[in-house]
Amino acid sequence: IRSAFTPAALSRAKASGIWQFIPSTGKNYGLRQDWWRDNRRDIVAATDAALTYLQNLHQMFGSWELALAAYNCGEGCVGRAIAHNQKRGLPTDYLHLRLPPETRNYVPKLIAVKNIVLSPYAYGIEIDSIPDQPYFTTVQAPAKIDVKVAAQLAGMTEEEFLDLNPAHNRAVAVASGGTLVVPIDK
């Protein structure tokens, strides 16, 4: 909803990647950010971190709506809104909290997308079928490799290689010690 699944998405709050991690939360969830890499843009690492973060938020707040709200505006924001309502004897569920407008819109949009994906025909939408099989895999990266060479070895264009490896900050060389993403058939 926030990134349109664009790995290079960057918000005004410096949230980056498809899951829009701010730098501090990214670091808290093990997403390396340095001169060579920004793993907030790494599809595999960031998705794993986002799932862990959402599970933690769900444990913290006890509801998926509150977990999603906290993912958007921060656990402190949701915690303060809950405390505010508790002091006044008001309900503390998502619908009764005073949250920033962006967050008030974010959660319903996510729920709407979930509902559409689960029942597209009920909404007059046809979604192309996607085979339930992996498209890509990760391979161990050498300490340093030129992007052109890596793309050639993977049998891909440089552009395709960079599309699958958006975490790399340098297009000239990839230094990792981590992994690279390549199509499974390569």
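Scroll up for the structure.
Computed from a prediction, not measured in an experiment: that's the story for all the values here.

Draft legend 1. Representation of the overall build of the protein chain within the structure. Helices and strands together make up the secondary structure of the protein chain, namely seven helices and four strands. Taken from N to C terminus, the helices and strands of the protein chain fall in the order α-α-α-α-α-β-β-α-α-β-β. Across its three principal directions, the C-alpha atoms of the protein chain cover 65 × 40 × 25 Å. Considering only contacts in the protein chain between residues 6 or more positions apart, those separated by 24 or more positions represent 51%. Per element, the accessible surface of the protein chain, about 11,300 Å² overall, is 57% carbon and sulfur. For the protein chain, the separation between the mean place of its 19 positive charges and that of its 17 negative charges on side chains is 13 Å.

Draft legend 2. Spotlight on the packing of aromatic side chains. Evaluation of the coordinates by the stated rule reveals six aromatic pairs. Plain terms: the ring middles of phenylalanine 5 and tryptophan 19 are 5.7 Å apart, the flat faces sit at 90° to each other, and that makes the pair edge-to-face. Of this pair, phenylalanine 5 sits in the segment before helix H1 (23–28) while tryptophan 19 sits in the segment before H1, and the two are 14 residues apart along the sequence. Judged by relative accessible area, phenylalanine 5 falls into the exposed class, the value being 58%. The class for tryptophan 19 is partly exposed, based on a relative accessible area of 27%. With a centroid separation of 5.2 Å and an interplanar angle of 45°, the aromatic rings of tyrosine 53 and tyrosine 71 are classed as tilted. With tyrosine 53 in helix H2 (residues 43–61) and tyrosine 71 in helix H3 (residues 64–73), the pair connects residues that are 18 residues apart, well separated along the chain. In this structure, tyrosine 53 and tyrosine 71 share a single accessibility class: buried. An aromatic cluster of three or more residues is present, and its members are Phe21, Tyr29, Tyr53 and Tyr71. Positioned above the aromatic ring of tyrosine 94, the side-chain terminus of arginine 104 is 4.7 Å from the ring centre.

Draft legend 3. Summary view of the nonpolar core. Core analysis: the largest hydrophobic core is formed by 24 residues, its most contacted members being Tyr71, Val78 and Leu99. Only H2, H3, helix H4 (75–87) and helix H5 (101–118) provide two or more residues apiece to this core. The leading source of residues in this core is H2, at seven residues. In this structure leucine 99 touches Ala69, Cys73, Cys77, Val78, Ala81, Tyr94 and Arg104, once residues within four positions along its chain are discounted. Ranked by size, the runner-up nonpolar core spans 12 residues in total, among them Phe161, Leu164, Leu180 and Val181.

Basis of the calculations
- Residues numbered from 1 in each chain as written.
- Predicted model: local features only at pLDDT ≥ 70, side-chain atom pairs only at ≥ 80, totals over all residues.
- Heavy atoms only, no water.
- Helix = DSSP H or I, 4+ residues; strand = E, 2+ residues; numbered from the N terminus.
- Contact = heavy atoms within 4.5 Å.
- Areas by Shrake-Rupley, 256 points an atom, 1.4 Å probe, with all protein chains shown as cover.
- Lys, Arg positive; Asp, Glu negative; His and termini not counted.
- Charge placed at Lys NZ, Arg CZ, Asp CG, Glu CD.
- Phe/Tyr/Trp six-rings, centres within 6.5 Å; stacked < 30°, edge-to-face > 60°.
- Buried < 20%, exposed > 50% of the residue type's maximum accessible area, 1.4 Å probe, protein only.
- Lys NZ or Arg CZ within 6 Å of the ring centre and 35° of its normal.
- Core = buried A, V, L, I, M, F, W, Y, C linked by side-chain atoms within 4.5 Å.

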